[in-house]
Amino acid sequence: MPRLSPGLLRYAHISNPLLRLLLPVCRDVESARNELRWLQDHAQRLAPPSHSSQTWQTRLQVMVRQRATGKPLQYILGTEYFGDLEIVCRPGVLIPRQDTAASVAHLAQILQSSDSLPSRLRVLDLCTGTGCIPLLLDHLLSHSRDPPELQLLGVDVSQKCVDLAEENKARCQARYTEFARADVIAGGSSQAPSLLALLQDRASPQWDVLTSNPPYISSHAFVHTTARSVRKFEPKLALVPPPAGVSEIPADGDLFYPKLLDVADHVQTQVALFEVADLSQALRVASLVRDKGSWEGVEIWRDEPGAKDDSFAHVAQTMGDLRILGRGNGRSVVCWRDQGATWLGRT
Ligand SMILES: C[S@@+](CC[C@H](N)C(=O)[O-])C[C@H]1O[C@@H](n2cnc3c(N)ncnc32)[C@H](O)[C@@H]1O
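Residues numbered from 1 in each chain as written. Predicted model: local features only at pLDDT ≥ 70, side-chain atom pairs only at ≥ 80, totals over all residues. Heavy atoms only, no water.

Going by what an unreviewed UniProt entry lists, the protein chain is known as S-adenosyl-L-methionine-dependent methyltransferase and is assigned to Phyllosticta citribraziliensis.

Here it is in structure tokens:
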């Protein structure tokens, strides 16, 4: 990372000493000015504790100092946008990412434009975190022209996540989504009930659509390529799968995907969307899907799945007839079977 010049730092200090404090994390004056403005708005909006004489200026200074340590802005402001929804964020729960929202909104758009959706659609989101994925699907699908009867369930192993997801449900006034605590990894070491036990208690065994943005960063990549602020402030539980016992396997970030595919078979899912870290992991996950033999089709979506294909030819050489849609890095693997093919228009 290039060093900031003393001249630039001096200029920021003269403009406003708080701008100088933000500059090293924001890296340029324009971004630092934007963040300072958002933090100031937030400090002015917050009511002071009743017994305190703290002014908004003191609150702003505290926030700027927190931000200067690398603490993500979303944990200080308390929210992040995910599509049209403003989602509450809190330390201990992963901050929702725009790339995830792009895949989820794209899936919703395809499903909305299908004229063959069943009258009742059940969506299971595993590793739900803030609950952002089912809440956005609930919001988008329930506002379609002829919405199906919806039922969505978000599951996370962490009680902190489930509590925050419930809070987000109330904030977004979501009507069709529920949250529950369970461990996706059968026999996992958490105290949470197993996912299969949770699902057994539900009336119907079938979940038509399965979504998941699981922990997918390998322990090596976590140490060597993840941004410092992510390592320092976001929960490792959300990022890196637990050691598999055979953690020498090079792609230990892939641990969740075979489990998710087993769950998808168990609950007779017809469309599944799994987020991945990049194109290499997308190709490995697409291979797992094909090896499973129970899916009719699989494709890869990039960061902007609705944008025009630009490097299809390059990857087509390594993956035969695999379709890779959109622009940017590999972001999700989407697979389908039975009615799912018609819902996605992939017949
Ligand atoms: C990458 S985060 C995704 C959060 C959210 N879906 C999103 O897109 O922002 C992964 C989530 O998986 C949860 N998780 C980790 N291990 C789990 C397990 N064994 N069973 C269920 N959830 C798990 C973490 O608590 C975390 O919330």
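Moving on, there is more to tell.
*Asks:* Could you give an account of the side chain of Ser218, naming the residues involved and the relevant values?
*Replies:* Among the structural elements, Ser218 can be located in the loop between β6 (209–212) and α10 (219–224). For Ser218, a relative accessible area of 16% translates into the label buried. A polar contact is formed between the side chain of Ser218 and the backbone nitrogen of Ala221, at a distance of 3.0 Å. Filtering out sequence-adjacent residues up to four positions away, Ser218 remains in contact with Val240, Asp252 and Gly253. (Helix = DSSP H or I, 4+ residues; strand = E, 2+ residues; numbered from the N terminus. Buried < 20%, exposed > 50% of the residue type's maximum accessible area, 1.4 Å probe, protein only. Polar contact = N/O pair within 3.5 Å; in protein donor to acceptor, adjacent residues only side chain to side chain. Contact = heavy atoms within 4.5 Å.)

*Asks:* Break down the domain arrangement of the protein chain for me, citing the residues and quoting the values.
*Replies:* Domain assignment breaks the protein chain into domain 1 (6–69) and domain 2 (90–343). If you average the C-alpha positions of domain 1 and of domain 2, the two centres end up 36 Å apart. (Domains from an automatic or database assignment.)

*Asks:* Tell me what's going on with the pairing of strand β2 (residues 85–88), and back it up with residues and numbers.
*Replies:* Note that strand β1 (residues 79–82) and β2 share four bridges and pair antiparallel. Paired with Phe82 across the bridge in β2 is Leu85. (Pairing = 2+ DSSP bridges.)

*Asks:* Tell me about the sheet that holds strand β3 (residues 120–126), and please be specific about residues and values.
*Replies:* Read from one edge to the other, the open sheet built from eight strands follows the order β5-β4-β3-β6-β7-β10-β8-β9, with strand pairing classed as mixed. Pairing within the sheet leaves two strands with one partner each, and these edge strands are β5 (177–181) and β9 (323–325). Averaged over all pairs of adjacent strands, the angle between strand axes in this sheet comes to 20°, irrespective of strand direction. The strands touched by helix α6 (residues 98–112) within the sheet are β6, β7 (271–275), β8 (297–304) and β10 (327–336), with β8 carrying the most contacts at an inclination of about 130°. (Axes fitted to C-alpha atoms, helices over the stretch in contact; angles between N-to-C directions.)

*Asks:* Give me the lowdown on helix α4 (residues 56–68), citing residues and values where you can.
*Replies:* With 13 residues, α4 extends 18 Å from end C-alpha to end C-alpha; this agrees with the ideal 18 Å at 1.5 Å per step. Where α4 is concerned, the buried positions are Arg59, Leu60, Met63, Val64 and Arg67. Axial view of α4: buried residues confined to an arc of 135°, hence all on one face. Those residues of α4 hidden inside the fold are in contact with α2 (17–26), α3 (29–45) and α5 (73–77). Looking one or two places after α4, you find Gly70, whose phi comes out positive at around 100°. (Expected span 1.5 Å × (residues − 1). Arc of directions from axis to C-beta.)

*Asks:* Any chance you could break down the environment of Phe233 for me, citing the residues and the numbers?
*Replies:* Tracing the sequence through the fold places Phe233 in helix α11 (residues 228–233). Taking the relative accessible area as the measure of exposure, Phe233 reaches 22% and is therefore partly exposed. Along the chain, Phe233 and Tyr75 lie 158 residues apart, while their C-alpha atoms are 9.1 Å from each other. Once residues within four sequence positions are removed from consideration, Phe233 is found in contact with Thr69, Gly70, Lys71, Pro72 and Tyr75.

*Asks:* Explain the site of the ligand to me, using residue names and the numbers behind them.
*Replies:* Within the structure, the ligand sits among 22 residues, and Cys127, Asp156, Asp183, Val184 and Asn213 are positioned closest to it. Measuring from an oxygen atom of the ligand, one finds a side-chain N or O atom of Asp156 at 2.7 Å. Between a nitrogen atom of the ligand and a side-chain N or O atom of Asp183, the distance comes to 2.7 Å. Residue assignment for the shell around the ligand shows that the elements contributing at least two residues are α7 (132–142) and α12 (236–239). In the shell around the ligand, the residues fall into 15 nonpolar, five polar and two charged. (Near = heavy atom within 4 Å. Nonpolar A, V, L, I, M, F, W, Y, C, P; charged D, E, K, R; others polar.)

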